[in-house]
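Inside the fold
For reference, the chains in residue letters:
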Amino acid sequence: MKQYRYEEIAADIESKITGGQYLPGHKLPSVRAQKERYQTSLSTIQSAYDDLLLKGLVESVPRSGYFVRTRPEPLPKAGETMLIRDPVFRNNLAAITSENLQRSALSEFNVAAPGDLLLPQQLLLKTMQQVIREKGAALLKYYPANGLAALREAITKRAAHYNTRLQANELLITDGALQAIYIALSAVCAPGDVIAIESPCIFSVLEVIRVLRLKVVEIPIQPRTGFDIAALQAACSIHALKAVVVTPNFHNPTGALMSDEQKRWLLQVAQTNNMAIIENDIYGELFFNGQRPCTIRSFDNSGLVMTCSSFAKSLAPGVRLGWLSPGRFYSQAEQIRFAIGSAVSPVYQETILRIVDSSAYEKHLRTFRQQLQAQCNQSLRLIKDYFPAGTRVAKPQGGYHLWVQLPEQQDTASFYRYCAQAGVRFTPGSAFSFSNRYDQYFRLVFADKYTPAKEAALRKAGAYAATPR
Ligand SMILES: Cc1ncc(COP(=O)(O)O)c(C=O)c1O
């Protein structure tokens, strides 16, 4: 995908900041000087600086220019990552996900699923109809509890393209990624056990942890470097952690992507500490540029990595179908899969098999990735235009979330109250942790096209945040 000139320039300046050439507090060359240096227009340089401002890498001092930001990122306080948290959720999950407001009156930026305008409705409905016509009453019988063999083969074949070696006979078809995580955690933990999770962490996974009565150590996702493996290492030296749950590719909500080195390092930490890795690869197919990122499983020979995914994000969440490859924990996982009941609907299994086994899936993904990247860029532009100075957000390389930090002076409670009244829905940052760390953040989902009404809703929310009170 083409990079804009301002993005190239921003990336160049960013590399000088991260590489130590421009130190914290360093005054950056003026917009005019950069115009000469990069042989481009003033507005292109301005956009590059705006981009860096948005990322929180530089700050602008009126009438003085741009400086490398001196204030450190909000890291957890010393020892905070070592804290075991009892999963007491301040938020009522039902209130976050329920339909207690008139949907038609809402502009939704809170639903992490392909929106109405991007959903591959035709592909799914046409294939479902074909399946029902051709298979008929055979679809009304029990299917194997671990899933249709041909579907497990098709998923295995696809995973091989991104160097993820799965075995069809050790794959469990589940009714989504969340169920796969439930099975994986149940297979390796008992109530009271301590596990490590990402912080921030998707609230539905927090809910599973609460139901299973586990305790957690929250490992921060750092703004630029992602999952803090050194903090996990430190936590391992204090606690006997049973498992770590991670989303290495396009984490929800930060969009962070682990490099291959980080994936290897995390695996090494898990192996040293005999700790299972529950790897959630649900967003792996939704990369904007380059190649499909690989998984931690790609590097694993130990069987400690339990990888899962689903088609909820890449096709549609209403087709309840995911999978779990439980590695060395297969027999425990298989028992749990069986104990929690029925197999996934044969209609869904046969439908997904046809789509994944044909060129239709890749064709859909190619278009979908481009659409998502366009929505991402537009969302970043709108935030830059409508939200107050000091609002921070990192640009993701895939997935469909923006993790937006409002300026510190913003009263987020009144911001959400206003948004609820105005019919704009975001997910509050406080939903992503058992701690109080993210009150200043919200998650914006960009998995649908902008309509004039949706853009106006974002403008309203931004204007409210920008009004001094
Ligand atoms: C990171 C992550 N894991 C799991 C899920 C749930 O996936 P599924 O619908 O396949 O159960 C979601 C959905 O929001 C998610 O973002």
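Residues numbered from 1 in each chain as written. Predicted model: local features only at pLDDT ≥ 70, side-chain atom pairs only at ≥ 80, totals over all residues.

An unreviewed UniProt entry lists the chain under the name PLP-dependent aminotransferase family protein, from Chitinophaga hostae. On record in UniProt, under Sequence similarities (unreviewed entry), the comment for the chain is "In the C-terminal section; belongs to the class-I pyridoxal-phosphate-dependent aminotransferase family." (UniProt positions renumbered as here; feature names shortened; annotations may be inferred.)

Taken domain by domain, the chain comprises domain 1 (5-68), domain 2 (101-118 + 363-466) and domain 3 (121-362). Between the C-alpha centres of domain 1 and domain 3 the distance comes to 39 Å. (Domains from an automatic or database assignment.)

By nearness alone, 14 residues border the ligand, and Gly 176, Ala 177, Leu 178, Ser 310 and Ala 312 come closest of all. Looking at the shell around the ligand residue by residue, the classes come out as seven nonpolar, seven polar and no charged. (Near = placed C-beta within 6 Å. Nonpolar A, V, L, I, M, F, W, Y, C, P; charged D, E, K, R; others polar.)

Okay, helix α9 (residues 229-236) next. The set of residues buried in α9 consists of Ile 229, Ala 231, Leu 232 and Ala 235. The buried residues of α9 all sit within an arc of 155 degrees when viewed along its axis, so they share a single face. Tucked into the core, α9 has its buried residues touching β6 (194-199), β7 (215-222), β8 (226-227), β9 (241-246) and α10 (260-272). (Buried ≥ 20, exposed ≤ 12 C-beta atoms within 10 Å, placed from the backbone. Helix = DSSP H or I, 4+ residues; strand = E, 2+ residues; numbered from the N terminus. Arc of directions from axis to C-beta. Contact = placed C-beta atoms within 7 Å.)

The next thing to look at is the sheet that holds strand β16 (residues 441-445). Taken together, three strands build an open sheet; the order of strands is β13-β16-β15 and the sheet is antiparallel. One side of each edge strand has no neighbouring strand; the edge strands of this open sheet are β13 (401-405) and β15 (427-428). The pairing of β15 with β16 spans two bridges and is antiparallel. What sits directly across from Pro 428, in β16, is Phe 442. (Pairing = 2+ DSSP bridges.)

Along its 14 residues, helix α3 (residues 42-55) runs 20 Å from first to last C-alpha, staying within 8% of the 20 Å computed at 1.5 Å per residue. For α3, the complete set of buried residues consists of Thr 44, Ile 45, Ser 47, Ala 48, Tyr 49, Asp 51, Leu 52, Leu 53 and Leu 54. Tucked into the core, α3 has its buried residues touching α1 (5-18), α2 (31-38), β1 (58-61), β2 (65-68) and α13 (360-386). Of the residues trailing α3, Gly 56 is marked for its positive phi of about 80 degrees. (Expected span 1.5 Å × (residues − 1).)

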